[in-house]
Amino acid sequence: MNQEFLSQLQNDLLATIITLTLAAIISMFVGYRVTAKRLAERGMKKGDARAIGQATASLLFLLIAGIYFKLFVLG
């Protein structure tokens, strides 16, 4: 295979991994810290608030990853 093609593929994969890592960090921050904390402040049990925060983090990660792939990888 062409060495230039392999180098470009490696760079694209590295950029994708870095972007998805940042998306995971952002979604975990929003899901665990913000959502769970606010729900616990409003009187929800801590365990239930954490579960909803985890679900929020998972869905937010899938949303960010989907937008990234739609705009930058497939587009």
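A. Structural detail: the overall build of the chain. Along its length, the chain carries two helices and zero strands. For 75 residues, the compact-globule estimate of 2.2 N^0.38 gives 11 Å, and the chain exceeds it by more than 25% at 17 Å. Its C-alpha atoms give the chain principal-axis dimensions of about 60 × 20 × 15 Å. Each of the 75 residues in the chain was classed as buried or not, and the buried ones make up 15%. Taking the contacts inside the chain whose residues are at least 6 apart along the sequence as the reference set, 56% of them involve residues at least 24 apart. When the accessible surface of the chain is summed, it comes to about 6,000 Å², and 65% of that surface belongs to carbon and sulfur atoms.

B. Here's a closer look at the packing of helix 1 (residues 3–41) against helix 2 (residues 46–73). Orientation of helix 1 relative to helix 2, taken along the N-to-C sense of each, is 150 degrees, at an axis distance of 7 Å. On the basis of the axis angle, helix 1 is roughly antiparallel to helix 2. For helix 1 against helix 2, the interelement crossing comes out right-handed. When grouped by side-chain class, the residues that make up the contact of helix 1 with helix 2 number 20 nonpolar, eight polar and one charged.

C. Spotlight on the packing of aromatic side chains. Following the criterion strictly, the structure yields two aromatic pairs and no others. Ring centres 5.6 Å apart and planes at 65 degrees place the aromatic pair Tyr68 and Phe69 in the edge-to-face group. The exposure class of Tyr68 is buried, given its relative accessible area of 13%. Look at Phe69 and you get partly exposed, because its relative accessible area is 32%. Seen from their ring centres, Tyr68 and Phe72 are 5.6 Å apart, and the 40 degrees between their planes marks the pair as tilted. Taken together, the positions of Tyr68 and Phe72, both in helix 2 and four residues apart, correspond to about one turn of that helix. A relative accessible area of 62% places Phe72 in the exposed class. Three or more aromatic residues link up through ring pairs in this structure, and these residues are Tyr68, Phe69 and Phe72.

D. Summary view of the side chain of Thr16. Assignment of secondary structure puts Thr16 in helix 1. Of the residues examined, Thr16 reaches a relative accessible area of 15% and is grouped as buried. Separated by 3.5 Å, the side chains of Thr16 and Tyr68 make a polar contact. Filtering out sequence-adjacent residues up to four positions away, Thr16 remains in contact with Tyr68 and Phe69.

Calculation notes
Residues numbered from 1 in each chain as written. Predicted model: local features only at pLDDT ≥ 70, side-chain atom pairs only at ≥ 80, totals over all residues. Heavy atoms only, no water. Helix = DSSP H or I, 4+ residues; strand = E, 2+ residues; numbered from the N terminus. Rg over C-alpha atoms; globule rule 2.2 N^0.38 Å. Buried < 20%, exposed > 50% of the residue type's maximum accessible area, 1.4 Å probe, protein only. Contact = heavy atoms within 4.5 Å. Areas by Shrake-Rupley, 256 points an atom, 1.4 Å probe, with all protein chains shown as cover. Axes fitted to C-alpha atoms, helices over the stretch in contact; angles between N-to-C directions. Parallel < 35°, antiparallel > 145°, perpendicular 65-115°, else oblique. Left-handed = near helix turned anticlockwise from the far one by under 90°. Nonpolar A, V, L, I, M, F, W, Y, C, P; charged D, E, K, R; others polar. Phe/Tyr/Trp six-rings, centres within 6.5 Å; stacked < 30°, edge-to-face > 60°. Polar contact = N/O pair within 3.5 Å; in protein donor to acceptor, adjacent residues only side chain to side chain.

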